[in-house]
Amino acid sequence: MEKTDKRTSILEAAEKLFSEFGYEGSSTRQIARESGANMAMINYYFGSKEGVFMEIMTKRITDFKDQLNLISQGTETGMEKLLKVVDGYAKRILCNHAFHKMMHRELSLPHRPEMFSNIENAMAGNQLVIEQIINDGIAEGNIRQVDVRMTILTLVGTISKVAISPSKITSGTGLDINDPKDRKAITERLTTHLKDFITVYLTPRK
């Protein structure tokens, strides 16, 4: 139990530091100090800082994949499943917006191409599940024929943009995405908008 808790504390400390200082700005020494672990433990569990980062990313991607699979295997229509996907994804990203912002920044840099290629490949697997949900909805007749990948990019890109640049929608409102209550309001505004968009844009036209 103690080993599991220490491993978890290392991951939690690393995620906090990565979010605040970025990948390059965080060191294994800082992670060890923040988590109450030692360098040997980090090396034992993860091998390196890159290993810690990849573990965090893999868990995030896998957890979302599990959520997507549960939705995909449900009995709802394709449209209803897609609405659940957007709701779940928006909440996931905005709940951890600082880490998402850091990840987006790191992915845009030319460093560590092999590491980020692995991340993008894993994320592509999640996209395939969403594609299947939409294609199933089209086949069922409750989603109209559309460019599926462009539709996914529109939805995911909007969520990502709000997480990275919340001021685009909060300017003049006094809302602060770092405040839990305000973040909840921003998330609800985002999901309401996207669900309205999905319903209007994807409902088959008579």
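Parameters at a glance
Residues numbered from 1 in each chain as written. Predicted model: local features only at pLDDT ≥ 70, side-chain atom pairs only at ≥ 80, totals over all residues. Heavy atoms only, no water. Salt bridge = Lys/Arg side-chain N within 4 Å of Asp/Glu carboxyl O. Helix = DSSP H or I, 4+ residues; strand = E, 2+ residues; numbered from the N terminus. Buried < 20%, exposed > 50% of the residue type's maximum accessible area, 1.4 Å probe, protein only. Axes fitted to C-alpha atoms, helices over the stretch in contact; angles between N-to-C directions. Parallel < 35°, antiparallel > 145°, perpendicular 65-115°, else oblique. Contact = heavy atoms within 4.5 Å. Nonpolar A, V, L, I, M, F, W, Y, C, P; charged D, E, K, R; others polar. pLDDT = per-residue confidence, 0-100.

According to the stated counting rule, one finds nine salt bridges in the structure shown. The partner of Lys91 in a salt bridge is Asp87, and the shortest N-O contact between them spans 3.2 Å. In this pair, Lys91 and Asp87 both sit in helix 5 (residues 78-95), four residues apart, roughly one turn of the helix. Since its relative accessible area comes to 17%, Asp87 is described here as buried. Here Glu131 ties to Arg149 by a salt bridge, and the two come within 2.8 Å at their closest N and O atoms. Taken together, the residues Glu131 in helix 7 (residues 113-140) and Arg149 in helix 8 (residues 148-164) connect sequence positions 18 residues apart. We classify Glu131 as buried; its relative accessible area is 10%. On the accessibility criterion, Arg149 (54% relative accessible area) is exposed.

What follows deals with the packing of helix 6 (residues 97-107) against helix 8. Between helix 6 and helix 8, the least distance of the axes is 9 Å, while the angle of their chain directions is 105°. Put simply, helix 6 runs roughly perpendicular to helix 8. Between helix 6, through His97, His100, Lys101 and His104, and helix 8, the contact on the second element is made entirely by Ser160, Ala163 and Ile164. Class assignment for the residues of the contact of helix 6 with helix 8 results in two nonpolar, four polar and one charged.

What follows covers the environment of Glu12. Position of Glu12 relative to the elements: it lies in helix 1 (residues 2-21). For the pair Glu12 and Ile31, spaced 19 residues apart in the sequence, the C-alpha separation amounts to 9.2 Å.

Here we take up the confidence of the model for the protein. For the protein, per-residue confidence averages 90 on the pLDDT scale, and 98% of positions sit at 70 or higher. Taken element by element, the protein is modelled with least confidence in helix 6, mean pLDDT 81, and with most confidence in helix 10 (residues 180-202), mean pLDDT 96.

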